[in-house]
Amino acid sequence: LASNSKSPNPFTQYALSICYCEGKGTSLDFTLTKKFLTQSTSSGFVVAQYHLALLELSSVPTQQMTQTALKMLEGCAEIGFKPALLEIARLCILG
């Protein structure tokens, strides 16, 4: 997988993040998961941005991490990515 890791293609970066997150074809590595999600997000891939926000929320959340994740989710929601809207609603209900 590492040979593809420098690909500028945001979908490829996203796909690599999923492989590392789920251990498909490689060992689990959440550091690389976050790295590739961040790269894909920087290229404008909204699905990666959504998953990066969820990853931030799934780790031991601090208020800053929660606010960062919420901003990412809001960015996804602004362009009509419906799963982000659902996650924002869930966060509002849970407090």
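In short, a report on the structure. (Residues numbered from 1 in each chain as written. Predicted model: local features only at pLDDT ≥ 70, side-chain atom pairs only at ≥ 80, totals over all residues. Heavy atoms only, no water.)

**Notes on helix α5 (residues 82-94)**
Part 1 of the reasoning: Along its 13 residues, α5 runs 19 Å from first to last C-alpha, staying within 8% of the 18 Å computed at 1.5 Å per residue.
Part 2 of the reasoning: Along α5, the residues that are buried comprise Ala 84, Glu 87 and Ile 88. Seen end-on, α5 carries its buried residues on one side only, within an arc spanning 100°. Seen from the buried face of α5, the exposed residues on the opposite side, beyond 90 degrees, are Lys 82, Leu 86 and Ile 93.
Part 3 of the reasoning: Looking at the buried residues of α5, the elements they touch are α3 (46-58) and α4 (63-78). (Helix = DSSP H or I, 4+ residues; strand = E, 2+ residues; numbered from the N terminus. Expected span 1.5 Å × (residues − 1). Buried < 20%, exposed > 50% of the residue type's maximum accessible area, 1.4 Å probe, protein only. Arc of directions from axis to C-beta. Contact = heavy atoms within 4.5 Å.)

**Looking at the pattern of salt bridges**
Part 1 of the reasoning: Taken as a whole, this structure holds three salt bridges when the rule is applied.
Part 2 of the reasoning: One salt bridge connects Glu 22 with Lys 24, and the closest N-O pair in it is separated by 3.0 Å.
Part 3 of the reasoning: By relative accessible area, Glu 22 is classed as partly exposed at 44%.
Part 4 of the reasoning: On the basis of relative accessibility, which here comes to 51%, the residue Lys 24 falls in the exposed class. (Salt bridge = Lys/Arg side-chain N within 4 Å of Asp/Glu carboxyl O.)

Limitation: the analysis is restricted to geometry and does not speak to function.
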